[in-house]
Amino acid sequence: MMPIQLNVSTMLERAELFYPRKQVISRTLNQVHRLTYKEIGERTRRLSSVLEKLGVEAGDRVGTFAWNHHRHLEAYFAVPGLGAVIHTINIRLSPEHVVYIINHAQDKVLLIDEDLLPLFEKIKDHLHSVKAYIVMSDSTEVPSSSLEPLYSYEALLAEGDPEFQFRKDIDEYSPAGICYTSSTSGIPKGVVYTHRALVLHSMAVGLADTLALGETDVAMPVVPMFHVNAWGMPYAATWFGSTQVLPGPRFTPEVLAELISQEKVTVTAGVPTVWLGLYTVLEEGNYNTGSLRAIVCGGSAAPPSLISRYEDRLGIPFYHAYGMTETTPLVTVARLKSYQQSLSKEQQVELRAKQGILVPGLEMKVEGVNGDVKWDGQEMGELLLRGPWIAGEYYLDDSTDHIFEDGWLHTGDIATVDPEGFIKLVDRTKDLIKSGGEWISSVDLENAILDHEAVFEVVVVAVPDVQWAERPVACVVLKDEYKGKVTKEDILSFVAPKFPKWWLPDDVVFMDEIPKTAVGKFLKRRLREQLKHHLTKPS
Ligand code: AMP
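All figures in this text were calculated on a predicted structure; none of them were measured in a lab.

1. Looking at the overall build of the chain
Part 1 of the reasoning: Helix and strand content of the chain: 16 helices and 26 strands.
Part 2 of the reasoning: Relative to its length of 539 residues, the chain is compact, with a C-alpha radius of gyration of 23 Å against a globular reference of 24 Å.
Part 3 of the reasoning: For the chain, the proportion of contacts with a sequence separation of at least 24, taken over those separated by at least 6, is 68%.
Part 4 of the reasoning: Roughly 22500 Å² of accessible area belongs to the chain as shown, and the carbon and sulfur atoms make up 51% of that amount.
Part 5 of the reasoning: With 53 positive and 72 negative side-chain charges, the chain shows a separation of 2 Å between the mean positions of the two kinds.

Here is the structure:
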């Protein structure tokens, strides 16, 4: 018997077959759309057929430059349905990086949101592989533009074939998607997702002990669809027939709160910055969040104070998860084991602020200076991963082979493992503070400082020091009402009882804003650069 090949389009076919009446609710610039999976299926087939007419063949790359909405979801399935590769482009990258990755991936067709089109008019002369542009909007009109040829998505779909048959002769190890890493340093690197990786990852997202995504869920991915496939949520939710809520362009915390309350969202996923913003709005109490069974938080460490605030004050369960672009991304989820439920509230939050336990299907090791670290929650080492949805290389780049040495992905994240197997990230290799030969965890310091009621955001970075090689310096953004009223001494004396003296930051620098990467993570590299003479210059 021929082995069955895992194939992305079968996930949509299941939704068409078993859940044709379930809905995808999609917010665009002008309106909120409600489409059934039957309609999404037909529209996706139409899109596959028109892309084929435009010359897209198996193996070709089709780029998207778009927010989270139903057209993006259709592209998620239509492109791999042809055997081609969807390249989700991060809309927050610099124009230089956008040009670089489109040329590197050799995108043949680009699907672009109408409000994001102007960038392409500026960079079009530098794009060498693009044969056609398609504008995604609610209209069938083509806006006036210097892009050539430019088609309207809806006008093309009107001519497409609603019964187009997705390709079934696709080897499961062939690429279905590609995403370039957000790259806090250096040039972006392409991570390829195979059909097999995307299907198995979706299955992992549905497991009871991970995120337990299922048919009864109303799933709202806030994490962008251009960033690691919105953590795989749109693929998994479609497969399982969950209702989906796609929050569209330029949403605010108020828009998210309204969608949660109106559409009765049960599970949503995003980075801590988004949840910090939403908390402020929800705290006022004007929204009904009773439907929420899980806020999934990843991409950066979830501060314990954030977990407690959501759970204790709002009664919303908060799931901390960890992953990276190279891992499709789900790697760990911090959920308590049955016998840990009786721990004190404080111990529970401490465990759940760790990155958690490896999801089924993956393998890990944590390598310290003397080989595998002891599972004592103390010894630190680099986290190494392998498994069916862990990348084995970067696309057309062999300068980085060392990252995949011996068949393991070297994550660059420094972790401890406790006796229960919970990993805790203490830093990234590049972010470590090594003071007098000893490591200091910037993450622990950040969490402690964030507990201070006046602090809105904080980042702790390593700054060169003559005596100790490096010392920690805290960069703090105060909440508006505390600006000018809180001193360095206030912050340091607040955290002092929690740490050995030598861990305490040498300085606290108050800022208006902390610089962030394209996906909203703190840009520690920029701060390190800014502060590199901070401790050595004469005061
Ligand atoms: P990206 O590939 O842009 O998604 O970034 C992945 C990196 O983000 C990881 O290697 C970690 O350094 C960091 N990261 C992701 N999730 C978490 C988390 N839950 N806690 C701490 N750091 C995280």
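2. Side note on the nonpolar core
Part 1 of the reasoning: In terms of nonpolar packing, the biggest core is built from 87 residues, with Leu 47, Leu 51, Phe 77, Leu 213, Tyr 235 and Val 296 touching the most fellow members.
Part 2 of the reasoning: Leaving out residues up to four positions away in the same chain, Leu 51 has contacts with Val 56, Val 79, Leu 82, Val 109 and Ile 134.

3. Focus on the packing of aromatic side chains
Part 1 of the reasoning: Taken as a whole, this structure holds nine aromatic pairs when the rule is applied.
Part 2 of the reasoning: Aromatic pair Tyr 394 and Phe 404: ring centres 5.0 Å apart, planes at 75°, arrangement edge-to-face. Of this pair, Tyr 394 sits in the loop between strand E19 (381-386) and strand E20 (409-417) while Phe 404 sits in the loop between E19 and E20, and the two are ten residues apart along the sequence. There is no split in this pair, since Tyr 394 and Phe 404 are both buried.
Part 3 of the reasoning: Aromatic ring contacts, followed pair by pair, group Tyr 76, Phe 77 and Tyr 235 into a single cluster.
Part 4 of the reasoning: Sitting over the ring of Tyr 279, Arg 309 keeps its end group 5.4 Å from the ring centre.

4. Regarding the environment of Trp 67
Part 1 of the reasoning: Mapped onto the fold, Trp 67 is located in the loop between strand E3 (61-65) and helix H3 (70-81).
Part 2 of the reasoning: On the basis of relative accessible area, Trp 67 is assigned to the buried category, the value being 10%.
Part 3 of the reasoning: Note: C-alpha distance between Trp 67 and Leu 246 (179 residues apart in sequence) is 8.9 Å.
Part 4 of the reasoning: Dropping the residues within four chain positions of it, Trp 67 is found in contact with His 72, Ile 91, Arg 92, Asp 113, Asp 115, Leu 116, Met 225, Gly 248, Pro 249 and Arg 250.

5. What about the sheet that holds strand E10 (residues 218-221)?
Note on sheets: strands pair through backbone hydrogen bonds, and any given pair is parallel or antiparallel.
Part 1 of the reasoning: Taking strand neighbours across the sheet as the criterion, the nine strands line up as E2-E1-E11-E10-E12-E13-E14-E15-E16 in an open arrangement whose pairing is mixed. Across the chains shown, the open sheet's two edge strands, defined by having one partner strand only, are strand E2 (32-36) and strand E16 (357-358).
Part 2 of the reasoning: Where strand E14 (residues 318-323) meets strand E15 (residues 330-334), four bridges bridge the pair, whose relative direction is antiparallel. Counterpart to Tyr 322 in the pairing with E15 is Thr 332.

6. Things to note about unusual backbone geometry
Part 1 of the reasoning: Following Glu 148, the chain continues to Pro 149 via a peptide bond in cis, the omega torsion being -10°.
Part 2 of the reasoning: Considering the arrangement of structural elements, one finds Pro 149 in the loop between strand E6 (132-136) and strand E7 (150-152).
Part 3 of the reasoning: Phi at Ala 212 takes a positive value of approximately 55°, unusual for a residue other than glycine.
Part 4 of the reasoning: Residue classification places Ala 212 among the partly exposed residues on the basis of a relative accessible area of 28%.
Part 5 of the reasoning: For Leu 396, which is not glycine, the phi dihedral falls at a positive 45°.
Part 6 of the reasoning: For Leu 396, the position within the fold is in the loop between E19 and E20.

7. Points about the pairing of E10
Part 1 of the reasoning: Burial along E10 is two-sided: the face carrying Val 218 and Met 220 and the face carrying Ala 219 and Pro 221 are both buried.
Part 2 of the reasoning: Two strands pair when backbone bridges link them, and E10 and strand E11 (residues 243-246) are joined in this way by two bridges, in the parallel orientation. Paired with Val 218 across the two strands is Thr 243, which belongs to E11.
Part 3 of the reasoning: With three bridges connecting them, E10 and strand E12 (residues 267-270) associate as parallel partners. Within E12, the residue paired with Met 220 across the bridge is Thr 268.

The rules behind the values
Residues numbered from 1 in each chain as written. Predicted model: local features only at pLDDT ≥ 70, side-chain atom pairs only at ≥ 80, totals over all residues. Heavy atoms only, no water. Helix = DSSP H or I, 4+ residues; strand = E, 2+ residues; numbered from the N terminus. Rg over C-alpha atoms; globule rule 2.2 N^0.38 Å. Contact = heavy atoms within 4.5 Å. Areas by Shrake-Rupley, 256 points an atom, 1.4 Å probe, with all protein chains shown as cover. Lys, Arg positive; Asp, Glu negative; His and termini not counted. Charge placed at Lys NZ, Arg CZ, Asp CG, Glu CD. Core = buried A, V, L, I, M, F, W, Y, C linked by side-chain atoms within 4.5 Å. Buried < 20%, exposed > 50% of the residue type's maximum accessible area, 1.4 Å probe, protein only. Phe/Tyr/Trp six-rings, centres within 6.5 Å; stacked < 30°, edge-to-face > 60°. Lys NZ or Arg CZ within 6 Å of the ring centre and 35° of its normal. Pairing = 2+ DSSP bridges.

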